[in-house]
Every structure is written in C-alpha cells, then in structure tokens.
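Here is how the chains run, residue by residue.
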Amino acid sequence: MIKIKWFKGQWLHITFSKIMLYLAMFVLVAFTALPLIYLVCTAFKPLDELFVYPPRFYVEHPTLKNFSDLLISLGSSAVPFTRYAFNSVLVTATIVFLTVIVSALGAYSLVKFKPPGGKTLFNLILMALMFSPHVTKIPSYMVVNGLGLINTYGALILPNIAVAYNIFLMKQFIEQYPDELLEAARIDGAGEFLIFIKMVMPALKPAWSTLIVFSFVNNWNDYFSPLIYVTSQTMKTLPLALQTISGGAAGMSVGRAGAVAAATFVMTVPTVIIFTIMQGKVMETMVYSGIKE
C-alpha cells in the first residue's frame, strides 16, 4: 500500500487492486469512446486523408474545409443546410417540451386523482410498451393523412408527443411523492395547477431531465418519421439531409465525402452535449425509478 498526502492534509491510500481497477476502467472508457473520437477526427480530415488506404484513425492535417463544403454544397441547392437544421431544432425542441408536459400531467392525474378507469388506462399504456414503434406507423400515417397534416410540422410533432414509456417513467416517480404534501398545499389554498408547477415538477426534476435526454436523442436522430410524413424538400430534417448531401441512392460522390463527415459530426454533437449535461439526473432516475438498463 502506498500513502500519499492529499488535499488538506488527508492521506490517499493507493493499493495494487485500486490501480488495476482504475486501469481497467480507463481502458474500457477509452475503448467505448473510440467511435466518437474517430467521428471527430473524420470530420476534420482533408479529402486525401479520407480516402487513404489503409484508413487512418487519427487526422494529420486538420481542416475546416469540410464544414465550408457542407454549407456551400447545400447553399447552392434549392434548400440550404440551415433550413434542414432549423427543421430539426424546431421539431425536436417542440416534441421535447410537449412530451415532458403531457407525460407529467398524464402520470400525475393517473396517480394522484385516480380517475374512473385509470387502472385500465394504465394497463393499456403498459400494453403499448410491447409493440415496436414501427408497428404503429401505418395507423399513425392514416390518422395524420386524414387530418391533412402531411408535409407539415404537425405531422412530425403530434405522433411523437404522447409516448407510453415516458408516461410510465413519470408514474414511477410521482408514486413516490407524498400525498400529505399535496393535501397541506390544498388546505393552504393553493390551486391544482400551482401545486403541479411549484411543488410536483421541481420534485420530478430527475425524471423529466431523463425524458429530455431520451426524447431529444430519439427525435433528433429520427429518420423514419420524416421519411413517411414528409415529401417536400423544405420540410426535411437533418437525418434526411444526410441522404441529400451524400447523393441519395446513387451513392456518395468523392467531393461530398467531407461534407457528409461534417454533417455527421454536426448531428452527433448536440446529443453528446445534452447527455453530458443531464447524465447525473439520468443516473439518479435509474436508481430511484427501479428501472435498470
């Protein structure tokens, strides 16, 4: 055992087992981060390094030309890259905001108000968890088409607001909230909406923080929904824009390989940032909600 004098005179005990444990954890973290590191390196590679054989993991001469090519290649087309980015940001932000509100209100009503048929409704929500999201796309498309929402933001937003898993997750947390606090607030004259906003939502911060991460990642990277609900170029989102940048089914041209790498980097960075900011709350949710992954 090695003793090292640490912060404020405290002694840090270092054993061989701890060194091996930290070394193994470092290796696992580095191995897990390799795809992300490769993505970052590829985004800054010039064309001669992108097509070198055998492929290089690292970048020798980093450049920002790929990002300028991304803007130029789509800036000269009918729909600029900024339009795709705007669509993705608008649709994802709206879905994240509405799904948090709808899931919290729905779960709060089921748990604390216990409406007639509430148990049956919750059982239906649990049954919905058994179906793959792709199974429901055909009836969802029929409803969206019947409402005349094809090629609108409503087609991209409305089907993704009320998600069974999100309501289930919020219910797990709200069940732990004491009814005595709600009764005390009602006795003091607080309205139900004020109780929900001022008391319940702050207590549910780990839950809705997790919903923000899950909902953002799922909808930001959603390729299938825009593919079936949208036919207009001006309504496409970033996942579909990648197909446009790469040249579609005809295959990716050499000149656009750098733009594709830059676009992939632009799509990935927001999800990494969101998860990095919210990771503490996500871990807390996994502990207290009884959900293990």
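Scroll up to find the structure this text is about.
Residues numbered from 1 in each chain as written. Predicted model: local features only at pLDDT ≥ 70, side-chain atom pairs only at ≥ 80, totals over all residues. Heavy atoms only, no water.

### Section: the nonpolar core
Threshold: We call a set of buried Ala, Val, Leu, Ile, Met, Phe, Trp, Tyr and Cys residues a nonpolar core when their side-chain atoms join them within 4.5 Å. Accessibility here uses a 1.4 Å probe with only protein chains present; expressed as a share of the type maximum, an area under 20% marks a residue as buried, one over 50% as exposed, and anything in between as partly exposed. Each helix is a run of H or I in the DSSP string that is no shorter than four residues. Each strand is a run of E no shorter than two, and both are numbered from the N terminus. Throughout, a residue-residue contact means that at least one pair of heavy atoms, one from each residue, lies within 4.5 Å.
In this structure, Y108, M170 and V200 are the most contacted members of the largest nonpolar core, which totals 44 residues. Counting residues per element, the ones that place at least two in this core are helix 3 (65-75), helix 4 (81-113), helix 8 (164-174), helix 9 (179-187), helix 10 (192-203), helix 11 (205-220), helix 13 (238-246) and helix 14 (257-288). By residue number, the principal contributor to this core is helix 4, which donates nine residues. What V200 contacts, discounting residues up to four positions off in sequence, is Y108, Y177, L182 and I195.

### Digging into the pattern of salt bridges
Here is the rule we go by: Throughout this description, the term salt bridge denotes a Lys or Arg side-chain nitrogen within 4 Å of a carboxyl oxygen of Asp or Glu.
What the rule picks out here adds up to five salt bridges. The closest approach of N and O atoms between D179 and K112, which form a salt bridge, is 2.7 Å. Of this pair, D179 sits in helix 9 while K112 sits in helix 4, and the two are 67 residues apart along the sequence. Accessibility expressed as a relative area gives 15% for K112, which makes it buried.

### Focus on the packing of aromatic side chains
Using the following cut-off: For Phe, Tyr and Trp, rings pair up if their centres lie within 6.5 Å, where Trp contributes its six-membered ring, and each pair is then called stacked (planes under 30 degrees apart), edge-to-face (over 60) or tilted (otherwise).
Under the defined criterion, the tally for this structure stands at 10 aromatic pairs. Arranged with centres 6.1 Å apart and planes meeting at 40 degrees, the rings of Y165 and F214 form a pair that is tilted. Note that Y165 is positioned in helix 8 and F214 in helix 11, a separation of 49 residues in sequence. Residue class for Y165 comes out partly exposed when judged on its relative accessible area of 23%. A centroid spacing of 5.5 Å and a plane angle of 10 degrees characterise the contact between F216 and W220, whose relative ring orientation is stacked. In this pair, F216 and W220 both sit in helix 11, four residues apart, roughly one turn of the helix. Here F216 matches W220 in class, with each residue buried. Here the aromatic residues F44, F67 and F265 are joined through ring pairs into a cluster of three or more.

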